[in-house]
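Each chain is listed here by its residues.
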Amino acid sequence: MVERLHEKGSPGDAATTDRRVLPRRLGPDQMAGWWRNPSSCDVEGIDTEDSPIYSVPLSISGRKRRALSRIAVIAEKEESDRIRKVLADSFTADELERMAEGPSLIVETEPRLRGCTGYYVRRQDGIPVPRIVLEEGTTPDGIVHEAVHHLRAMDGRTAFPTKGAVLDGRYGRMDKASRDEIFRREESETVAETVARTWPDPVESGYYSSIPGADPRAAYLRDQEIISGSRALKGRAAVRAAQENYARSSISRAIISANRRPRR
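The structure contained in this document is the topic of the report that follows.

Rules used in this analysis
- Residues numbered from 1 in each chain as written.
- Predicted model: local features only at pLDDT ≥ 70, side-chain atom pairs only at ≥ 80, totals over all residues.
- Heavy atoms only, no water.
- Pairing = 2+ DSSP bridges.
- Helix = DSSP H or I, 4+ residues; strand = E, 2+ residues; numbered from the N terminus.
- Axes fitted to C-alpha atoms, helices over the stretch in contact; angles between N-to-C directions.
- Contact = heavy atoms within 4.5 Å.
- Buried < 20%, exposed > 50% of the residue type's maximum accessible area, 1.4 Å probe, protein only.
- Parallel < 35°, antiparallel > 145°, perpendicular 65-115°, else oblique.
- Left-handed = near helix turned anticlockwise from the far one by under 90°.
- Nonpolar A, V, L, I, M, F, W, Y, C, P; charged D, E, K, R; others polar.
- Salt bridge = Lys/Arg side-chain N within 4 Å of Asp/Glu carboxyl O.

## Quick notes on the sheet that holds strand 6 (residues 131-135)
The strand order across the open sheet formed by four strands is 3-4-6-5, and the pairing between neighbours is mixed. Of all strands in the sheet, those bounded by a partner on one side alone are strand 3 (72-74) and strand 5 (118-121). Across the sheet, the mean angle from the axis of one strand to that of its neighbour is 15 degrees, orientation sign disregarded. Examined bridge by bridge, strand 4 (residues 106-110) and strand 6 share five bridges and lie parallel to one another. If you follow V107 over to strand 6, its bridge partner there is I132. Its contacts with the sheet put helix 4 (residues 77-90) on strand 3, strand 4 and strand 6, and the angle it makes with strand 3 is roughly 140 degrees.

Here it is as structure tokens:
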């Protein structure tokens, strides 16, 4: 239901409660009517004012609060609050607003993911709403990494061929070597920008284990110093630091394959 609301309705509906509120469990006729037009009424606990899906901690205010209230986070309240605080700390209001544009982002958590601690599903044919899936308890570096993927798509900076933040169908028709190179660039550049936006994390990206001849932790801490001076940047400063220092970074030498997603 949340995906349909983002695709055809407006997650901003949760800012107020409509005069007409349907129960969480809808009958067939109610579901059919809501499915055609999700903005025609509210569904209890989905887009009512008390919905935990769009709840933002009181410590976050202003434009950041408004932007984050348009992003769905499907998780236990404590985990949802933590994720939103990490996003607020790591991105500017302008960036969060871009991330919430169009069919706005959905973030959800799973108790355990196989082979990784998070992944981003970009908009494409058959997938109308972008989605981030995180393993519960993923550290700030992991949360920001997936959010950077989304911001790069919205900004047009992604290595993937896109049209209006939607994956271009020609990507699927490319040969494997070309797809692997796009995937490698996207992941390594996203790691570099994540490093620029975060303080040294207790758990470095698993991609650091893909650098030939390098100790993963030492390579990560080296990149922290090279890319951002071990500071947490935001906005243009973060993007510029990642781009200008990428060629000197350790992560630029990582051998990354689309067939393998490393855990942290």
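## Focus on the environment of A214
Inspection of the secondary structure assignment puts A214 in the loop between helix 7 (176-197) and helix 8 (216-228). Take A214: its relative accessible area is 24%, and that puts it in the partly exposed class. With 36 residues separating them in the primary sequence, A214 and S250 have C-alpha atoms 8.4 Å apart.

## Remarks on the packing of helix 6 (residues 140-155) against helix 7
To characterise two packed helices, one gives the angle between the axes of the helices and the distance between these axes. Running from amino to carboxyl end, helix 6 crosses helix 7 at an angle of 120 degrees, the nearest separation of the two axes being 9 Å. With respect to helix 7, the element helix 6 is oriented oblique. Crossing of helix 6 over helix 7 shows right-handed handedness. Of the residues in helix 7, those in contact with D141, V144, H145, V148, H149, L151 and R152 of helix 6 are E186, E187, E189, T190, V191, E193, T194 and R197. Classifying every residue of the contact of helix 6 with helix 7 by side-chain character gives four nonpolar, four polar and seven charged.

## Things to note about the pattern of salt bridges
The final tally for this structure, using the stated rule, is 23 salt bridges. Between D81 and K77 there is a salt bridge, and its shortest N-O distance comes to 2.8 Å. Note that D81 and K77 are positioned in helix 4 at a spacing of four residues, about one turn of the helix. Residue classification places D81 among the buried residues on the basis of a relative accessible area of 15%. R157 is paired through a salt bridge with E193; the nearest N and O atoms lie 2.8 Å apart. Taken together, the residues span a long stretch of sequence, with R157 in the loop between helix 6 and strand 7 (162-163) and E193 in helix 7 at a distance of 36 residues. Taking the relative accessible area as the measure of exposure, E193 reaches 2% and is therefore buried. Because the salt bridges share partners, they merge into one network encompassing E95, R98, D155, R157, E193 and R197.

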